[in-house]
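What the coordinates show
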Amino acid sequence: EMTRVSNKQTVFITAICSPDDRQRAGWLIDSLRAFGGTLSQNPVWLFESDRRAECHRLAQDGLTVIPIQVPEAIKPGLFSEKVFACAQAEAMAGPDIGSLVWIDPGCLMVNPPVLYQLGNDFNAAFRPVHIQNVGLRADQPLDAFWKGIYAEVGMAEVSATVQSFVDQRVLRAYYNSHAFSVNPALGILSRWLEHFQALVCDAIFQQAACQDAPHQIFLFQALLSALITKEVDHRRLYILPPQYNYPFNLHDRMPAEHRAGVLNDVVTFAYEDRSLNPAEITDIVVEEPLRSWLAAHCAA
């Protein structure tokens, strides 16, 4: 794997919004420490919005637990904790931090995630979305949802496209948010919060474009995609390879030629509701040392 030239630090961030997240965040941090290679001892900032989650039990070297109070105005918006935590992390990041890496609690790292380290050549690193969902095919006209998002961030139209990984559709730029990296100096994450609040509080937009569950769920991700498209020069946006953010939760829906054969070969993966007990994983090979690690952590 290439490593990026940078004299700046990479910080990993995640958030806990439920007692379930607490256990997952623990696994995530342990997986970084076990398999993260040159990044294994990097700082982790853990934002805690659920007091019941009792994160102090996770206290360890290199881990900072930061309590957050999500503003009432954005609480109706799904994933408001994630947006707020990212903006808080950006506000905390001094000039010595060059990469802020968000990673969902429902993800694990199984190889050194070096490409999240932006170095001097890139300002952000993302994967395309896995499935189209609320995305628009490149040949479709803008709908009310995307038109409202683009208007909010100050764009009329978008020519950039991505190919979704699982269903292989060419879409207007729409990025996966299980894990991504941004340079905090750009201020994108604080603007994400501002625009998110504006759209969550916009009753007309909510009623016209955000009525159904998919649009409510993915508003935060679509908005971030629009901001990245608008504010990061395409030459400074690194599209991560498929070993990053591998959708283990969608493994059975994956075209055979894109499906990982060995879980140890990916770098980071999302599992969401899938069991991580190696005794229950029958559709992909899990080799040592990952097999024993999963059995010890996740088989209960």
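First things first, this report covers the structure right here in the doc. All values reported here derive from a predicted model rather than from experimental measurement. (Residues numbered from 1 in each chain as written. Predicted model: local features only at pLDDT ≥ 70, side-chain atom pairs only at ≥ 80, totals over all residues. Heavy atoms only, no water.)

When you line up the elements, Asn123 lands in the loop between strand E5 (107-109) and strand E6 (124-126). Classification of Asn123 by relative accessible area gives buried; the value is 14%. Among residues more than four places away in sequence, those in contact with Asn123 are Leu118, Ser181, Val182, Asn183, Leu186, Val232 and Arg236. (Helix = DSSP H or I, 4+ residues; strand = E, 2+ residues; numbered from the N terminus. Buried < 20%, exposed > 50% of the residue type's maximum accessible area, 1.4 Å probe, protein only. Contact = heavy atoms within 4.5 Å.)

This paragraph deals with the pattern of salt bridges. Counted under the stated rule, the structure contains nine salt bridges. The partner of Arg137 in a salt bridge is Asp139, with the nearest N and O atoms 3.3 Å apart. According to the relative accessible area criterion, Arg137 is partly exposed, its value standing at 35%. Assessed through its relative accessible area of 62%, Asp139 is described here as exposed. (Salt bridge = Lys/Arg side-chain N within 4 Å of Asp/Glu carboxyl O.)

The next point concerns empty space enclosed by the protein. If a probe as big as a water molecule is rolled over the atoms, it shows which places are left empty. In this structure the tally under the stated criterion is one cavity of 30 Å³ or more. Estimates place the volume of the largest cavity at around 40 Å³. Classifying every residue of the lining of the largest cavity gives eight nonpolar, one polar and no charged. (1 Å grid on protein atoms, 1.4 Å probe; cavity = no way out; pocket = protein on both sides within 12 Å on 5 of 7 lines; lining within 4 Å. Points joined across faces, edges and corners; volume = space filled by probe spheres on them. Nonpolar A, V, L, I, M, F, W, Y, C, P; charged D, E, K, R; others polar.)

This part is about the nonpolar core. Counting residues in each nonpolar core, the largest one holds 59 residues, and the members touching the most others are Trp45, Phe145, Ile149, Trp192 and Ile228. Among the elements that line this core, the one with the most residues is helix H6 (residues 213-231), at eight residues. Residues contacting Trp192, with those up to four places away along its chain left out, are Val83, Cys86, Phe180, Phe220, Leu223, Leu224 and Leu227. In this structure, Phe12, Ile29, Val101 and Ala270 belong to the second largest nonpolar core, which totals 26 residues. (Core = buried A, V, L, I, M, F, W, Y, C linked by side-chain atoms within 4.5 Å.)

With that settled, consider H6. Taking 1.5 Å per residue, 19 residues should reach 27 Å; H6 reaches 28 Å between its end C-alpha atoms and fits that length. Approximately 50° is the largest bend angle found in H6, and it occurs at Leu219. (Expected span 1.5 Å × (residues − 1). Bend = angle between axes of the 7 residues up to and from the residue.)

With that settled, the discussion passes to unusual backbone geometry. Here the amide bond leading from Glu288 into Pro289 is cis, since omega sits at 0°, within 30 degrees of zero. Take Pro289: it is sitting in the loop between strand E12 (268-270) and helix H7 (290-298). With a phi angle near 50°, Asn133 is a residue other than glycine that sits in the positive phi range. With respect to the helices, strands and loops of the structure, Asn133 is situated in the loop between E6 and helix H3 (144-153). One non-glycine residue with positive phi stands out, namely Glu272, at about 50°. Among the secondary structure elements, Glu272 is positioned in the loop between E12 and H7. Relative accessible area serves as the criterion here: at 36%, Glu272 is assigned to the partly exposed category.

We now examine the sheet that holds E6. Spatially, seven strands are ordered E3-E2-E1-E4-E9-E6-E10 in an open sheet, and the strand pairing comes out mixed. Across the chains shown, the open sheet's two edge strands, defined by having one partner strand only, are strand E3 (63-67) and strand E10 (237-239). Neighbour-to-neighbour, the strand axes of this sheet turn through a mean angle of 20°, independent of strand direction. Set on the sheet, helix H1 (residues 19-35) makes contact with strand E1 (9-16), strand E2 (44-48), E3 and strand E4 (97-103); between it and E1 the angle comes to about 160°. (Pairing = 2+ DSSP bridges. Axes fitted to C-alpha atoms, helices over the stretch in contact; angles between N-to-C directions.)

Turning next to the packing of aromatic side chains. Each pair of aromatic rings is reported with the distance of its centres and the angle of its planes. On inspection of all chains with the given rule, the structure shows 15 aromatic pairs. A cation over an aromatic ring shows up here: Arg127 above the ring of Phe165, its NZ or CZ 5.0 Å from the ring centre. For Arg274, the ring lying beneath its charged end belongs to Phe248, and the centroid distance is 3.8 Å. (Phe/Tyr/Trp six-rings, centres within 6.5 Å; stacked < 30°, edge-to-face > 60°. Lys NZ or Arg CZ within 6 Å of the ring centre and 35° of its normal.)

Bringing the environment of Glu72 into the picture now. Its place among the elements puts Glu72 in the loop between E3 and helix H2 (80-92). Relative accessible area serves as the criterion here: at 61%, Glu72 is assigned to the exposed category. The spacing of Glu72 and Phe180 is 108 residues in sequence and 26 Å in space, taken between C-alpha atoms. Among the polar contacts listed, one links the side chain of Glu72 to the side chain of Lys75, at a separation of 3.0 Å. (Polar contact = N/O pair within 3.5 Å; in protein donor to acceptor, adjacent residues only side chain to side chain.)

When two helices pack together, their arrangement is given by the angle between their axes and by how far apart the axes lie. Interaxial distance between H3 and H6 falls to 10 Å at its minimum, and their mutual angle equals 45°. Regarding the angle of H3 to H6, the classification is oblique. You can see that H3 and H6 cross each other, and the crossing is right-handed. Residues Phe145, Trp146, Ile149, Tyr150 and Val153 of H3 form the contact with H6, whose own contacting residues are His215, Phe218, Leu219, Ala222, Leu223, Ala226, Leu227 and Lys230. (Parallel < 35°, antiparallel > 145°, perpendicular 65-115°, else oblique. Left-handed = near helix turned anticlockwise from the far one by under 90°.)

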